[in-house]
Every structure is written in C-alpha cells, then in structure tokens.
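Here's the letter readout for the chains.
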Amino acid sequence: MEYLENLDTLLRTFWYVALGSSLVFVFQTIMTFVGGDATDGLDADFDGDMDGGDAPFQLFSFRNLVNFLLGLSWGGISFYDSIESPALLIAAASLTGVAMVAIFFVIITQLQKLQEDNSFKITDTINKTGEVYLNIPEKKSGMGKISISIGGAHHELNAISEKKAIETGTLIKVKRIESDNILVVETLN
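Computed from a prediction, not measured in an experiment: that's the story for all the values here. (Residues numbered from 1 in each chain as written. Predicted model: local features only at pLDDT ≥ 70, side-chain atom pairs only at ≥ 80, totals over all residues. Heavy atoms only, no water.)

(A) Geometry of the layout of surface pockets. A volume near 220 Å³ is recorded for the second largest pocket. What lines the second largest pocket is Phe25, Gln28, Thr29, Thr32, Phe33, Arg63, Asn67, Met100, Ile103, Phe104, Ile107 and Ile108. For the lining of the second largest pocket, the secondary structure elements donating two or more residues are α2 (9-34), α3 (62-79) and α4 (86-112). Classifying every residue of the lining of the second largest pocket gives 7 nonpolar, 4 polar and 1 charged. (1 Å grid on protein atoms, 1.4 Å probe; cavity = no way out; pocket = protein on both sides within 12 Å on 5 of 7 lines; lining within 4 Å. Points joined across faces, edges and corners; volume = space filled by probe spheres on them. Helix = DSSP H or I, 4+ residues; strand = E, 2+ residues; numbered from the N terminus. Nonpolar A, V, L, I, M, F, W, Y, C, P; charged D, E, K, R; others polar.)

(B) Structural detail: the pattern of salt bridges. Counting across every chain of the model gives 4 salt bridges. Here Glu162 makes a salt bridge to Arg176, at a shortest N to O gap of 2.4 Å. You can see Glu162 sitting in the loop between β3 (153-161) and β4 (171-178) and its partner Arg176 sitting in strand β4, a full 14 residues away along the chain. A salt bridge links Glu178 to Arg176, with the nearest nitrogen and oxygen atoms 3.1 Å apart. Residue classification places Glu178 among the partly exposed positions, given a relative accessible area of 26%. Here the residues in one salt-bridge network are Glu162, Lys175, Arg176, Glu178 and Glu186, joined through shared partners. (Salt bridge = Lys/Arg side-chain N within 4 Å of Asp/Glu carboxyl O. Buried < 20%, exposed > 50% of the residue type's maximum accessible area, 1.4 Å probe, protein only.)

(C) Just the side chain of Ser21, in detail. With respect to the helices, strands and loops of the structure, Ser21 is situated in helix α2. Here the side chain of Ser21 touches Ala18 through a polar contact of 3.5 Å, landing on its backbone oxygen. Ignoring any residue separated from it by four or fewer positions in sequence, one finds Ser21 in contact with Val66, Leu69, Leu70 and Ser73. (Polar contact = N/O pair within 3.5 Å; in protein donor to acceptor, adjacent residues only side chain to side chain. Contact = heavy atoms within 4.5 Å.)

(D) Spotlight on the packing of aromatic side chains. Under the defined criterion, the tally for this structure stands at 1 aromatic pair. Centre to centre, the rings of Trp15 and Trp74 are 5.4 Å apart; their planes meet at 80 degrees, and the pair counts as edge-to-face. Remark: Trp74 occurs in helix α3 and Trp15 occurs in helix α2; sequence separation between them is 59 residues. Classification of Trp74 by relative accessible area gives partly exposed; the value is 34%. (Phe/Tyr/Trp six-rings, centres within 6.5 Å; stacked < 30°, edge-to-face > 60°.)

(E) Structural context of the sheet that holds strand β2 (residues 144-150). Spatially, β1-β2-β3-β5-β4 is the arrangement adopted by the 5 strands of the closed barrel, whose pairing is mixed. Direction aside, the axes of adjacent strands within the sheet are offset by 55 degrees on average. Direction of pairing for β3 relative to strand β5 (residues 182-187): parallel, over a ladder of 3 bridges. Opposite Ala159, over in β5, you have Leu183 as the bridge partner. (Pairing = 2+ DSSP bridges. Axes fitted to C-alpha atoms, helices over the stretch in contact; angles between N-to-C directions.)

(F) Up close: the pairing of β2. Of the two faces of β2, only one is covered, namely that formed by Gly144, Ile146, Ile148 and Ile150; the face formed by Lys145, Ser147 and Ser149 stays uncovered. Alignment of strand β1 (residues 129-134) against β2, held across 4 bridges, turns out to be antiparallel. Across the sheet, residue Leu134 finds its bridge partner in β2, namely Lys145. Hairpin connection, β2 to β3: the antiparallel pair is bridged by 2 residues, and Gly151 has positive phi, about 60 degrees.

Written out as structure tokens, the structure reads:
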C-alpha cells in the first residue's frame, strides 16, 4: 500500500476504486459459477428500461454499478500516462465505464436469445399431421387418441372425427380444438 500513497491523488483514487470493484467483481463471478447468484442481491426501487416493457436487463443494478466502476477505474489507470488533462482523463474513463455496461448488456441479450420455450401448447397442433393411436369412432360418437409430434416431442392426445370412423395407423390432420382440449381430426387425402 506504500506504493499507492506516493501516487498522484487522481491516480490513487483510480487504483482504490479498481481494487475494490475488482474484488467485488471476482466475488460476483465466483458466486455466479457456484450457483449462489440468483439475483443481484440489491434491487432498485424503479426499472431502468423506461419503456414499460419487459427488459432482459435492469440498467440500475449493483452488477452494472460494479461493471461501470471497473471500466472507469481501469480506464483511468490505463489512460493516465496518455492524457494530461484531468477532466479529459475522467471523461475518457467514464466512457470506458459506460462501454463496460454496454458490453455486458450485449452479452446478456445474446445469451437470452439462446433460451427456448419448449412448453407444449395444444394450439400448436392445429393443421399438423399425426397418426391415429386408438380408433376414432364416427361423427363425434366417441373419442380416440392420436399420436402427434410437436417440437420434437411426441404427444398422445384425445381426438374425435366429424365424419367417418378412423382406424388405428391412419394419417390424420388436426382441424381444430373442441372444448376440454379434444382435437377434431380428418384423414389425409
């Protein structure tokens, strides 16, 4: 610490902020990888997205504060010998901090594009083809079952026919959905 005491006040300030924010960043990273990072731990009383919609990212969070301080401090240390004016140095360091938050935002939005909703919705079956699994009686006089593949998963669903009976193994097309999630099907011609 004696090294820091002999530095210019601005450079010393950058070093203190860099050491503190780096320590918090390392702790956050370790907690993320061991699964202890369910949230930032500190929630703002307001949303930073300002558009009222769901955002993948909250602008005012503890994690973004740490990211900004990392960019600010390490940018200030890096540019200290290159930029003579303290005001210009602080401006360049601040822009570096903003860039760190922007980079984090881009990374988070790209990672969220990898998420996929594979939950089954019965409405996804409309106009899809499948195969009769259990005989379907004629003209809504009873119910059978069909086997249909949606999103790579096979489903066995209750089905009825509006016209003739449909035998097991026949290829069908789903026309619509009746109440109680019963599919109305017809044979493929």
